[in-house]
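Now for the letters of each chain:
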Amino acid sequence: MKKVYVFGRETCPVCKDAYNKLCYFKEKEQFKAEIKYFNMDTVDGLAEGAFYEVSDIPTILVLDNDQEIVRWVRNPPISKEFLPYLK
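For every chain, the first residue of the written sequence is number 1, and numbering continues from 1 along that sequence. Given that this is a predicted model, residues contribute local features only at a pLDDT of at least 70 and side-chain atom pairs are listed and counted only at 80 or more, while totals for whole chains, interfaces and linings are drawn from all residues. Values reported for side chains reflect all heavy atoms of the structure, with hydrogen atoms and water molecules removed beforehand.

For each residue, the accessible area found with a 1.4 Å probe, counting protein chains only, is set against the maximum for its type, and the residue is called buried under 20%, exposed over 50%, and partly exposed in between. Secondary structure elements are defined from DSSP: runs of H or I of at least 4 residues count as helices, runs of E of at least 2 residues count as strands, and each element is numbered from the N terminus. With seven of its seven residues buried, strand 1 (residues 2-8) lies for the most part within the structure. Burial of the side chains of strand 1 extends over both faces: Lys2, Val4, Val6 and Gly8 are buried on one face and Lys3, Tyr5 and Phe7 on the other. Only strands joined by at least two bridges in the DSSP assignment are considered to pair. With six bridges joining them, strand 1 and strand 3 (residues 59-64) adopt antiparallel strand pairing. Bridging across to strand 3, Val6 finds its partner in Ile60. One ladder, built from six bridges, connects strand 1 with strand 2 (residues 34-39); its direction is parallel. When the bridges of strand 2 are listed, Tyr5 appears paired with Lys36.

What follows deals with the sheet that holds strand 2. If you trace the four strands from one edge of the open sheet to the other, you get 2-1-3-4, paired in mixed fashion. For this open sheet the edge positions go to strand 2 and strand 4 (67-73), each flanked by a neighbour on one side alone. The average undirected angle you get between the axes of adjacent strands in this sheet is 20 degrees. Pairing of strand 3 with strand 4, which is carried by six bridges, proceeds in the antiparallel orientation. Opposite Leu63, over in strand 4, you have Glu68 as the bridge partner. Each of strand 1, strand 2 and strand 3 touches helix 1 (residues 13-29); the most contacted strand, strand 2, lies at about 170 degrees to it. Fitting a line to C-alpha atoms yields each axis, with helices limited to the stretch in contact; the angle taken between N-to-C directions then spans 0 to 180 degrees. Note on contacts: a residue pair qualifies if any of its non-hydrogen atoms lie within 4.5 Å across the two residues.

Structure representation (structure tokens):
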């Protein structure tokens, strides 16, 4: 199963907007990927960020069977960039 991880901060409007867009397109396009938001201002978020070597926000990862297939750092993708990875 594919997973989408969004790493950001609660005070970052770009981070939250990226997460909300992904959730919107998940519903609209009916893809089955799990979408998770990790708050880098928390211990749990920092731990996950360290595991995935996240160095800047927002960072968006798409994983397939727990293998990273694409990563965007600082510049969230537009829908036509990320949708092919989720089909």
